[in-house]
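Inside the fold
Listed here are the chains, written in short residue letters.
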Amino acid sequence: MKISEILDFLKDEIIETRIEVDTDLEIKNFKDNSELVEKNDVFIAVKGFKVDGHDFIHSALSRGAVFVILDNPEKIPEDLSLDYVLIKNTRKVIAELAYKNKHISPKDFKMFAVTGTNGKSTVATLVHHILQESGKKSTLFSTVEIMIKDQVIEEPYNTTPSVIKISEILEKSKLENVEFVNMEVSSHAIHQKRVEKLEYDLISYTNITRDHLDYHHTFKEYMDTKLSLTNYLKKNGKVIVNIDEIELDNFHVDKNKIITYGFDDKADYTIKSINQSIYQMNFKIDTPEGEELSIYSSIIGKFNAYNITNALIVCKEYGLSYDQIKHSIITFKGVRGRFELIPSSKALGFSVVIDFAHTPDALDKVLSNAKEIVKGRIILVFGAGGNADVGKRKIMGEVASKYSDIIVLTTDDPKDEDPEKIIEQVKDGITKERNFIVIPERKTAINAAINFANRDDLVIIAGRGHEKFQLFSNGKQIKFNDFEIASECIDSLRRSMKK
Ligand SMILES: CC(=O)N[C@H]1[C@@H](OP(=O)(O)OP(=O)(O)OC[C@H]2O[C@@H](n3ccc(=O)[nH]c3=O)[C@H](O)[C@@H]2O)O[C@H](CO)[C@@H](O)[C@@H]1O[C@H](C)C(=O)N[C@@H](C)C(=O)N[C@H](CCC(=O)O)C(=O)O
Ligand SMILES: Nc1ncnc2c1ncn2[C@@H]1O[C@H](COP(=O)(O)OP(=O)(O)OP(=O)(O)O)[C@@H](O)[C@H]1O
């Protein structure tokens with residue numbers, strides 16, 4: 001994009017301009033992070049929740065920014081001759097500028113968004129998997145990874161990345177002739193307009209239960225934010241809803257645009273007859289065409305029957321056949337850290353799984369399902385994350401007490417909070433007096449739980465899923481992956497048993 005085109009595009013927003021460089025110059029990229037600025041980029045200064053991008057103008061210029069777009073006149077540095085465009089609101093223009101510069105339009109792709117408190121990664125990843133297995137070219141934005149076709153592009157920091165990052169990935173996707181884009185959309189992303197200018201063919205709602213009340217303040221605010229994603233639906237787009245979890249009256253879209261699923265026999269796709277072990281699951285779906293589909297999968301649980309049905313509807317709407325979809329579901333191995341079984345535990349006669357449940361509802365779903373299928377006891381290792389919804393901690397303690405035979409309460413990611421204090425808040429909800437132990441150091445907690453296990457027991461290590469670092473105050477990070485740590489504990493137990 002030429003500087004003259006940028007100025008023309010911004011003309012209704014501009015308050016003041018000082019541009020001395022040649023306006024015929026082609027700029028490279030727009031960046032809202034000074035650390036990522038390269039020569040001939042344009043830096044857009046945004047006031048954030050933590051810091052103010054305006055404070056990094058010097059740094060952006062020293063890295064080669066050709067000029068700066070800003071919205072705070074008081075932050076124009078006086079000590080340098082700066083080329084800048086002062087506009088009314090920088091956040092408002094980022095998306096359009098970024099997509100214009102990359103020549104991307106929402107119409108370039110068939111776009112699917114999944115939102116909800118739990119299940120987003122599983123649904124988005126499964127849709128990506130089914131499309132790829134069916135020979136379609138697909139891109140995935142998930143909490144765990146961003147993938148273009150079968151290549152992992154990066155492990156993202158956010159569930160839904162920034163507008164600039166999305167534009168970069170869409171540009172790459174276009175070059176790779178990708179047709180389908182599947183995206184997890186968090187409530188933060190909707191509120192912060194990270195999905196601005198995108199238009200979706202399909203939007204799914206898995207469930208809306210308590211989370212992120214630190215950010216959204218009330219449940220209604222959280223729910224309304226999630227529901228407002230339908231403002232980004234294409235004209236002929238459809239909304240897919242789990243009607244066991246969310247009442248249809250909440251949606252302000254034409255009812256004939258909604259496709260429903262659930263155990264409820266009023267759903268368009270009705271789930272029934274689940275049979276499962278810890279390794280596999282079979283269930284049936286009655287389709288709107290009157291067919292009865294038999295689904296086999298290696299991911300288990302009633303909640304995953306929901307996730308699978310949700311993904312099946314997306315792929316059916318995209319024109320795949322039920323047979324194609326069913327075959328691809330069989331080969332889906334699940335998402336890292338979501339009820340992920342550690343294979344080496346099998347040799348000890350019990351099972352150890354890593355799960356990302358970090359909300360009361362997810363914990364309830366995972367534990368209640370486990371209770372139905374496990375012959376032995378449920379031994380739960382968990383804690384609660386810091387810098388997040390404080391109110392959910394006690395409820396998670398209550399849920400843990402309801403289903404677990406042994407609870408090992410430990411540290412999750414305390415971030416800037418005192419780990420001991422978080423433990424106390426979770427403990428408030430724990431009603432068990434026996435078979436409950438607090439071990440703050442997570443590795444020791446995991447090791448203890450594995451050593452408590454007997455034949456047929458199930459150890460569930462919940463809360464951190466795929467994550468690779470444990471986060472402490474002042475940005476301190478410690479390498480810590482639950483799967484790796486639990487595997488080491490299992491190996492050491494096996495070695496000690498051989499002696
Ligand atoms: C509170 C919050 O959500 N913040 C998000 C928001 O940051 P922000 O715009 O407020 O940015 P900021 O860090 O204050 O910085 C302001 C500006 O200065 C710039 N800057 C900053 C430092 C510097 O050296 N140079 C520089 O230019 C930044 O790039 C930014 O443009 O926008 C950023 C870009 O999209 C996000 O990365 C960032 O996520 C933070 C890290 C975060 O923790 N977010 C969580 C709460 C979140 O969004 N979580 C959801 C998942 C929830 C779930 O499903 O469980 C998610 O989508 O990830
Ligand atoms: N449909 C569902 N309903 C309730 N709980 C679920 C559902 N699907 C998965 N879970 C639970 O939630 C955890 C997280 O699953 P998943 O990563 O798919 O959700 P998510 O919405 O993407 O979460 P996040 O955005 O925090 O990554 C799982 O490990 C499981 O415990």
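Residues numbered from 1 in each chain as written. Chains lettered and ligands numbered in written order. Predicted model: local features only at pLDDT ≥ 70, side-chain atom pairs only at ≥ 80, totals over all residues. Heavy atoms only, no water.

The next point concerns the side chain of D83. Within the element layout of this structure, D83 appears in the loop between strand 4 (67-70) and strand 5 (84-87). For the buried D83, no salt bridge is present, and the opposite-charge side chain at shortest range is R18, 5.0 Å distant. For D83, the side chain forms a polar contact with the main-chain nitrogen of E20, separated by 3.0 Å. Once residues within four sequence positions are removed from consideration, D83 is found in contact with R18, I19, E20, V21, V66, F67 and V68. (Helix = DSSP H or I, 4+ residues; strand = E, 2+ residues; numbered from the N terminus. Buried < 20%, exposed > 50% of the residue type's maximum accessible area, 1.4 Å probe, protein only. Lys, Arg positive; Asp, Glu negative; His and termini not counted. Salt bridge = Lys/Arg side-chain N within 4 Å of Asp/Glu carboxyl O. Polar contact = N/O pair within 3.5 Å; in protein donor to acceptor, adjacent residues only side chain to side chain. Contact = heavy atoms within 4.5 Å.)

With respect to spatial proximity, 21 residues lie near ligand 2, and among them G119, S121, T122, R338 and D355 are the closest. T117 has a polar backbone atom sitting 3.3 Å from an oxygen atom of ligand 2. Considered on its own, ligand 2 offers 620 Å² of accessible surface; in the complex 96% of this is hidden by protein. Going through the elements one at a time, helix 4 (120-133), helix 9 (302-317) and helix 11 (360-373) are the ones with two or more residues in the shell around ligand 2. A total of 4 residues in the shell around ligand 2 trace back to one element, the largest contributor, which is helix 11. Residue classes in the shell around ligand 2 are distributed as 5 nonpolar, 10 polar and 6 charged. There are two domains that each give the shell around ligand 2 at least three residues, and those are domain 2 (106-330) and domain 3 (340-498). (Near = heavy atom within 4 Å. Areas by Shrake-Rupley, 256 points an atom, 1.4 Å probe, with all protein chains shown as cover. Nonpolar A, V, L, I, M, F, W, Y, C, P; charged D, E, K, R; others polar. Domains from an automatic or database assignment.)

Moving on to the domain arrangement of the chain. With domains assigned, the chain is organised as domain 1 (3-102), domain 2 (106-330) and domain 3 (340-498). Summarising the inter-unit geometry, the C-alpha centres of domain 2 and domain 3 are found 27 Å apart. Contacts between the two partners involve 21 residues from domain 2, matched on the other side by 21 residues from domain 3. Summing both partners gives a buried area of about 1,700 Å² for domain 2 against domain 3, and 57% of it is carried by carbon and sulfur. Across the contact surface, domain 2 and domain 3 share 2 salt bridges. As a salt-bridge pair, E155 and K468 come within 2.9 Å of each other at their nearest N and O atoms. Mapped onto the side of domain 2 that touches domain 3, the elements with two or more residues apiece are helix 7 (213-216) and helix 9. For the side of domain 2 that touches domain 3, a count of residues per class yields 6 nonpolar, 9 polar and 6 charged. (Buried area = accessible area lost by both parts, 1.4 Å probe.)

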